[in-house]
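Chain by chain, the residues run as shown.
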Amino acid sequence: MSYKHLQRLQNSFKNKNVLSNIFARSKNVWSGENIVISPFKDVDIPDVSLNEYVWKILEKHPTNIAAVCGITNRSYTYEKVYKQSRTFGANLRKKFRIKDGDTVGVMLPNMPEYPTIFFGVLFSGGVVTTYNPIYTPYEVERQLNVSATKLIITNPTLVSNVKKALELSKKSIPIISVDIEEASPEGTVSYKELVEDNNVEMAILKEVKLNPNDVCVLPYSSGTTGMPKGVELTHRNIVANCQQQNTECRIHRLTTECHQDSLLVILPMFHAYGLSILMLHKLSQGLKLVTLPRFQPDTFLTALLEYRINMLYLAPPLALFLGSHPEVTEKHLEHTNTITCGAAPLPAADIYKVLGKVKHDLHFGQGYGMTEASPLVSIAPLGCKRYESVGYPLPNVQLRIVDENLKNLGPGQVGELLIKGPNIMRGYRNNPEANKEVFLEGDWYRSGDLAKIDKDGLMFISDRLKELIKVNAYQVPPAELDSAVKNHPAVLDAAVVGIPDPQTGERPKAFVILNKAAKATEEDIMNFVNERVAPYKKIKEIEFVDSIPKNPSGKILRRLLKEQYRKK
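What you see is a predicted model; the values in this text were computed from it and never measured.

Asks: Got a minute to help me understand the environment of A484 in this structure?
Replies: Note on placement: A484 falls in helix α14 (residues 478–486). For A484, a relative accessible area of 10% puts it in the buried group. Taking the C-alpha atoms as reference, A484 lies 21 Å from N472; in sequence the two are 12 residues apart. For A484, the contacting residues outside a window of four places in its chain are F528 and V529.

Asks: Would you mind showing me how to read the packing of helix α5 (residues 137–147) against helix α6 (residues 159–169) here?
Replies: In a pair of packed helices, the angle between the axes and the distance between the axes together describe the arrangement. As a packed pair, α5 and α6 sit with axes 8 Å apart at the nearest point and diverge in direction by 60°. Classified by the angle their axes make, α5 and α6 are oblique. Remark: the crossing between α5 and α6 carries right-handed chirality. Residues P137, Y138, V140, E141, L144 and N145 of α5 pack against N161, K164, A165, L166, L168 and S169 of α6. The residue inventory of the contact of α5 with α6, partitioned by class, reads seven nonpolar, three polar and two charged.

Asks: What is the right way to look at the sheet that holds strand β2 (residues 65–69) in this model?
Replies: Backbone hydrogen bonds hold the strands of a sheet together, and the pairing may be parallel or antiparallel. The nine strands lie next to each other as β3-β2-β13-β12-β14-β15-β16-β17-β18, forming an open sheet whose pairing is mixed. Single-partner strands in this sheet number two, and they are β3 (75–77) and β18 (392–393).

Asks: Even after reading the chapter, I still don't get the pairing of strand β13 (residues 288–291), so can you show me in this structure?
Replies: As paired elements, β2 and β13 share three bridges and run parallel to each other. Each bridged residue has a counterpart across the sheet, and for C69 the counterpart in β13 is T291. Taken together, the four bridges between strand β12 (residues 262–265) and β13 define a ladder with parallel strand orientation. Residue pairing in the sheet places L263 in a bridge with L289 of β13. In terms of handedness, the path from β12 via helix α9 (residues 272–284) over to β13 forms a crossover that is right-handed.

Analysis parameters
- Residues numbered from 1 in each chain as written.
- Predicted model: local features only at pLDDT ≥ 70, side-chain atom pairs only at ≥ 80, totals over all residues.
- Heavy atoms only, no water.
- Helix = DSSP H or I, 4+ residues; strand = E, 2+ residues; numbered from the N terminus.
- Buried < 20%, exposed > 50% of the residue type's maximum accessible area, 1.4 Å probe, protein only.
- Contact = heavy atoms within 4.5 Å.
- Axes fitted to C-alpha atoms, helices over the stretch in contact; angles between N-to-C directions.
- Parallel < 35°, antiparallel > 145°, perpendicular 65-115°, else oblique.
- Left-handed = near helix turned anticlockwise from the far one by under 90°.
- Nonpolar A, V, L, I, M, F, W, Y, C, P; charged D, E, K, R; others polar.
- Pairing = 2+ DSSP bridges.
- Right-handed = clockwise from strand over helix to strand, strands pointing away.

In structure tokens form, the structure reads like this:
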């Protein structure tokens, strides 16, 4: 028997022991008040900054590869990322006068420089706000304004979009261009010069005063409804979520002198899923990140082969590709031990299609989370074969299922999921009304998702209460598209909902009331909106109507619009 297969066999025995322990404790997860606790053992949360938490890994594996580009093979060791990020941070502090708590924008596709840039901002005392690199200037402008971004870091191909956004906002802030493969455009500062500057005074970093309860990341999420809001994630929130994944929840192999798991990072790092679970947690554990800037079948399949990928984190469209694409063979997944799918529920039938492509023991589990939870809430442990579930709540996490009157429900009953734990955000930035809507009894977060939890603590996501449209697992806030449609001069009122789509899950459809005597076609309005939003947010269908259903306070009743569509 080969060493590789012997190790897998030994691991399977460990998994059985872990599962039996979890199962034994799962008999007591429901309290008399119908509050669910985790069957995993609670963990201690270190009282440290995220920088301190992650870079403890330097003591063990400084020369291991931290990140490598899956296309060009450009790579950086752990000690190189650490050194360059500190140099970068010192320059941000010195040359751009970044102060503790200042917001710095990062608008980049996945690349091996992402960790250096992220930690450079934190070392400078700044707060990272991530931008989707496919945003239009109008979307960039909005986030620039609401986040109070003081400086933005992007790549040369995106500089023109950033400059247009700054013109729209009538602001002038520095732009750092990540000039790895292209020259820095005029009016920008070279990233390479900043990270390779050996003359910067590193002592300036001693001025930075970080508290674990300070905000370190400010991603934007639409929450349960409405326009995107700044999610204040503290150092403690993210450290807690990393630590929660390290006990019986752990699905990666420990890094040793002889072994380092490789992880394919194709989910976007600007999103909480890719940023926190894939980049931050896995760096803290010493794994190798293999980055791809976007999904393309050829580069995706080549990376699986060339880098012997051990771990995959996917959204449903990628899982469907693996299970159904004829070019995906056993060889591509030969070294893969675990696959985790999140962002939206995946039917068990689609999981079996992926498992049908391999002949070795491969763990496939689903997880559940959201930006506001840093982001992971639950995960299926190694060996769990309840494929339709999203696993058990993480250590230190408590869950409730409530009815429309916020009364606690019991095992197997469907209701809104409420979450409590050290990984839940501090709140939405400068938005007390939104915070009042989502926090119940102080620290119970209302997810806006319908779920049920069985008697053993396994969770199943049923549906969404929230109005978000899910396009290829991307969140599309309908209120944002309402506003974009209503900006057209011919439109009096509009409401956007998600309707079923066989390729993308859902697609945005707008119901539009035209101004009297106004003349505009569906194509006119779609073109107007679609040049102002990212591709996944584009309106695909318009229906002209005489009225839009609203409640007495003026809130759009999107549920009625969906029913109207279904009846037709």
